[in-house]
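Descriptive structure summary
Given next are the chains, with one letter for each unit.
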Amino acid sequence: MKKLRLKQVAPMRFGITFGFILGVAGLIMVPFILFAGGVWATKEPSLLGIPWLFFGAGAVFMPLIYALAGFVFGVLLATVYNFVSRWTGGIEYYSDDSN
């Protein structure tokens, strides 16, 4: 076992990875949002399908918004980590060199 330290993270790569993960999370949430919109639209027949407009647009744009927000916050988190790791020495982890 080898003791290593993670002293720096590439902000752009971390932002891309974090944005991809949150984009997939947004895709997973889409069916639940559409279901909630359908339940709400059937409870209020006087709304004439207006909830479907908002929930449908939200379902379409949610993965994109989540991916963009994930990228921005990923870059910010990596930058903050790089700044703080100068003082703290970074995250310590163990690695096995067996091939």
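Definitions and cut-offs
Residues numbered from 1 in each chain as written. Predicted model: local features only at pLDDT ≥ 70, side-chain atom pairs only at ≥ 80, totals over all residues. Heavy atoms only, no water. Helix = DSSP H or I, 4+ residues; strand = E, 2+ residues; numbered from the N terminus. Rg over C-alpha atoms; globule rule 2.2 N^0.38 Å. Buried < 20%, exposed > 50% of the residue type's maximum accessible area, 1.4 Å probe, protein only. Contact = heavy atoms within 4.5 Å. Areas by Shrake-Rupley, 256 points an atom, 1.4 Å probe, with all protein chains shown as cover. Lys, Arg positive; Asp, Glu negative; His and termini not counted. Charge placed at Lys NZ, Arg CZ, Asp CG, Glu CD. Salt bridge = Lys/Arg side-chain N within 4 Å of Asp/Glu carboxyl O. Polar contact = N/O pair within 3.5 Å; in protein donor to acceptor, adjacent residues only side chain to side chain.

A few words on the overall build of the chain. When helices and strands are tallied, the chain shows two helices and two strands. What you see for the chain is a C-alpha radius of gyration of 21 Å, clearly larger than the 13 Å of a compact globule of 99 residues, by over 25%. Overall, the chain is about 65 × 30 × 20 Å in size when its C-alpha atoms are taken along their principal axes. Among the 99 residues that make up the chain, the fraction classed as buried is 23%. Considering only contacts in the chain between residues 6 or more positions apart, those separated by 24 or more positions represent 82%. If you sum the accessible surface of the chain, you get close to 7500 Å²; carbon and sulfur atoms cover 74% of it. Separation of charge centres in the chain, based on 7 positive and 4 negative side chains, amounts to 10 Å.

Relative to the helices and strands, Gly70 resides in helix H2 (residues 50–88). Judged by relative accessible area, which is 0%, Gly70 ranks as buried. On a C-alpha basis, the gap between Gly70 and Phe14 in space is 9.6 Å, while along the polypeptide they are 56 residues apart. Leaving out residues up to four positions away in the same chain, Gly70 has contacts with Gly15, Phe18, Gly19 and Leu22.

With that settled, the discussion passes to the pattern of salt bridges. One pass over the structure, following the stated rule, counts two salt bridges. Across the pair Glu92 and Lys3 runs a salt bridge, and its minimum N-O distance is 3.6 Å. Note that Glu92 is positioned in strand E2 (residues 91–95) and Lys3 in strand E1 (residues 2–6), a separation of 89 residues in sequence. A residue is classified by how much of its surface remains accessible, and Glu92, at 35% relative accessible area, is partly exposed. When the shortest N-O distance is used, the salt bridge between Arg5 and Glu92 registers 3.0 Å.

Mapped onto the elements of the fold, Ser85 is located in helix H2. By relative accessible area, Ser85 is classed as buried at 5%. A polar side-chain atom of Ser85 sits 2.6 Å from the main-chain carbonyl oxygen of Lys7. Apart from the residues lying within four places of it in its own chain, the contact partners of Ser85 are Lys7 and Gly90.

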